[in-house]
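What follows is the residue order along each chain.
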Amino acid sequence: MPEFTMSKAINRALAHELKRDPRMLVFGEDVGKLGGIFRVTDGLQKRFGKKRVFDTPSAEAAIAGSALGLALAGWHPVAEMQFDGFSYPALDQVISHVARYKNRTKGVVSLPLVIRMPCGGGLRGKEHHAESPETYYAHTPGLKVLCPSGALDAYELMQQAIRDPDPVIVLEPKRLYGVAEKGQLGKGALPMGIARTVRDGREVTIVTYGGMVPRAVEAAEQAEAQGISAQVLDLRSLAPLDIEGLRDAVRATGRAVVVHEAPKTLGLGAEIAARIMEECFDRLQAPVVRVTGYDTPYPPPLLEDPWFPTVERIADAVTRVVRS
């Protein structure tokens, strides 16, 4: 059985789509000759040439604006923001134009572009190198937002994003780039917009995504040792949310713990908790609990570990929800 890291799986997906689609372009800071800070685009320029895989200046607004213009001209751009925290200068282009073109033209103009970026912490990065900007993008109508939690799913989601007629933001958890997964690429893919159950359980559902999925699974295993059966639901798609899958999962267990590494206030967990209350109120046996990062700026590297949701914090929340 072959084994792939997430970075290698995304590289394979980009290569596959570059070969399939002659109008696809890959560009961003250091994606060409260097192959990306995390080597996700390693070898693509050598294989497909400098006209299709190329470096840009350190100007995120220009990168997003160029992707917009290229998509309008008939190209299929895949633009990289080198780090999550670097993407904020591009928000004006993304929110004011990229997300609005389909509605602005009453559906006449589609905008098949992808903006991909490393997201989250786990590597003891400095300020602007370990942000969690998903709320900004998921809150913006007109954008689809994906966040894979493993190599095989990252391969599928990247291909689906590139082939989608609408703009897609793909958030790639840094802490998972080097994590390997065994399996066949391109086998048994779920479509975007559908959550998946990565661990079955009867008493509580842990709802999470991206880099927190492995921690949620570990916390569920700890809870099982204490006699608690915990399900883990990986959202995969943050916009649109799989409301039906979320509803079915929580109604089956009657309890929910929502986990993400972004700050708590107005994080995606707030929307998830609200949807659970709307869809599952008659079946809930305990209040929804959130386990998140803290409402502070991203901490210095030495304080990163306790700032993010730990396995212990998640397991404690599961225990409190079930035994309260």
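Throughout this description, residue numbers start from 1 for each chain and increase along the sequence as written. Side-chain atom pairs in this predicted model are given and counted only at pLDDT of 80 or more, local residue features only at pLDDT of at least 70, and totals for whole chains, interfaces and linings cover all residues. Each side-chain value is worked out from all heavy atoms of the structure, with water and hydrogens disregarded.

### Quick notes on the environment of P77
Applicable threshold: Labels follow the DSSP assignment, with helices taken as runs of H or I lasting at least four residues and strands as runs of E lasting at least two, numbered in each case from the N terminus.
With respect to the secondary-structure elements, P77 resides in strand β4 (residues 76–80). In this structure the C-alpha to C-alpha distance between P77 and A67, which are 10 residues apart in sequence, comes to 5.6 Å.

### Some thoughts on unusual backbone geometry
Applicable threshold: In this scheme, a residue with accessible area under 20% of its type's maximum is buried, one over 50% is exposed, and one in between is partly exposed, where area comes from a 1.4 Å probe on protein chains only.
P240 follows A239 through a cis peptide bond whose omega is 5°. Positionally, P240 belongs in the loop between β12 (237–239) and α9 (243–253). The phi angle at R124 is positive, at roughly 55°, despite the residue not being glycine. You can see R124 is positioned in the loop between β5 (114–119) and α6 (134–138). Given the relative accessible area of 41%, R124 is considered partly exposed.

### Some remarks on the pairing of strand β2 (residues 24–28)
This is how it is decided: For two strands to pair, DSSP has to find at least two bridges joining them.
Counting buried positions over the 5 residues of β2 gives 5, a clear majority of the element. Residues of β2 alternate between two faces, with M24, V26 and G28 on one and L25 and F27 on the opposite face, all of them buried. The sheet contact formed by β2 and β4 spans 5 bridges and is parallel. If you follow V26 over to β4, its bridge partner there is V78. In the sheet, β2 pairs with strand β3 (residues 53–55) via 3 bridges, with the strands oriented parallel. Residue pairing in the sheet places F27 in a bridge with F54 of β3.

### A short note on empty space enclosed by the protein
Over the atoms rolls a probe the size of a water molecule, and in doing so it shows where empty space is left. Spelled out, the test is: Points on a 1 Å grid over protein atoms alone make up a cavity when a 1.4 Å probe fits among them but cannot get out, and a pocket when they form an open set with protein on both sides within 12 Å along at least five of seven lines; lining residues each have an atom within 4 Å of a point. Grid points are joined across faces, edges and corners, and a volume is the space filled by probe spheres set on the points. Charged residues are taken to be Asp, Glu, Lys and Arg, nonpolar residues to be Ala, Val, Leu, Ile, Met, Phe, Trp, Tyr, Cys and Pro, and polar residues to be all remaining types, Gly included.
What the rule picks out here adds up to 1 cavity of 30 Å³ or more. Here the largest cavity is characterised by a volume of approximately 100 Å³. Around the largest cavity, the lining comprises 14 residues; the ones closest to its centre are C119, E134, Y209, G211 and E261. Mapped by element, the contributors of at least two residues to the lining of the largest cavity are β7 (168–173) and β13 (256–263). When the residues that make up the lining of the largest cavity are grouped by side-chain class, the tally is 6 nonpolar, 5 polar and 3 charged.

### Focus on the layout of surface pockets
For the largest pocket, the calculated volume is near 280 Å³. Lining of the largest pocket is provided by 15 residues; of these, Y88, E131, S132, Y136 and P263 occupy positions nearest its centre.

### Remarks on the sheet that holds β13
Where we set the bar: Where helices are involved, their axes are fitted lines through C-alpha atoms of the stretch in contact, as for all axes, and angles between N-to-C directions lie from 0 to 180°. Any two residues having at least one pair of non-hydrogen atoms within 4.5 Å are treated as being in contact.
Strand order in the open sheet formed by 5 strands is β9-β11-β10-β13-β14, with mixed pairing between adjacent strands. The strands lining the two open edges of the sheet, one partner per strand, are β9 (196–199) and β14 (289–293). Each strand axis lies, on average, 25° off the axis of its neighbour in the sheet, ignoring direction. Bridging between β9 and strand β11 (residues 230–234) involves 3 bridges; their strand directions are antiparallel. Counted as the bridge partner of R199 is V232 from β11. In the packing of helix α10 (residues 268–280) onto the sheet, the strands contacted are β10 (204–208), β13 and β14, and the crossing angle to β13 comes to about 160°.

### Notes on the pattern of salt bridges
Note the following rule: Salt bridge, as used here: a side-chain nitrogen of Lys or Arg that lies within 4 Å of a carboxyl oxygen of Asp or Glu.
Going through the model one piece at a time under the given rule, you end up with 18 salt bridges. With a closest N to O distance of 2.8 Å, E17 and R163 form a salt bridge. Here R163 lies in helix α7 (residues 151–163) and E17 lies in helix α1 (residues 6–20), a separation of 146 residues in the sequence. Exposure remark for E17: the relative accessible area of 0% places this residue in the buried category.

### With respect to the sheet that holds β4
Strand order in the open sheet formed by 7 strands is β3-β2-β4-β5-β7-β6-β12, with mixed pairing between adjacent strands. Of all strands in the sheet, those with a lone pairing partner are β3 and β12, marking the two edges. Ignoring strand direction, the axes of neighbouring strands in this sheet form an average angle of 20°. Inspection of the sheet shows strand β6 (residues 144–146) paired to β7 by 3 bridges, in the parallel sense. Among the inter-strand pairings, L146 is bridged to a residue of β7, identified as V170. Strand contacts of α7: β2, β4, β5, β6 and β7, with the helix running at about 160° to β7, the strand carrying the most contacts.

### With respect to α1
Note the following rule: Residue count minus one, scaled by 1.5 Å, sets the expected span of a helix.
In this model α1 runs 21 Å from its N-terminal to its C-terminal C-alpha over 15 residues, within 8% of the 21 Å that 1.5 Å per residue would give. By the burial criterion, the buried members of α1 are M6, S7, A9, I10, N11, A13, L14, A15, E17 and L18.

### Looking at α10
Applied cut-off: Within this analysis, the arc is defined by the directions that extend from the helix axis to the C-beta atoms.
With 13 residues, α10 should cover 18 Å at 1.5 Å per step; its first-to-last C-alpha distance of 18 Å lies within 8% of that length. Residues of α10 that are buried include every one of L268, G269, I272, A273, I276 and C280, and no others. Looking straight down α10, one finds that the buried residues subtend no more than 135° of arc, so they occupy a single side. Those residues of α10 that are buried are in contact with α6, β10, β12, α9, β13 and β14.

Treat this as a map of the structure, not an account of what it does.
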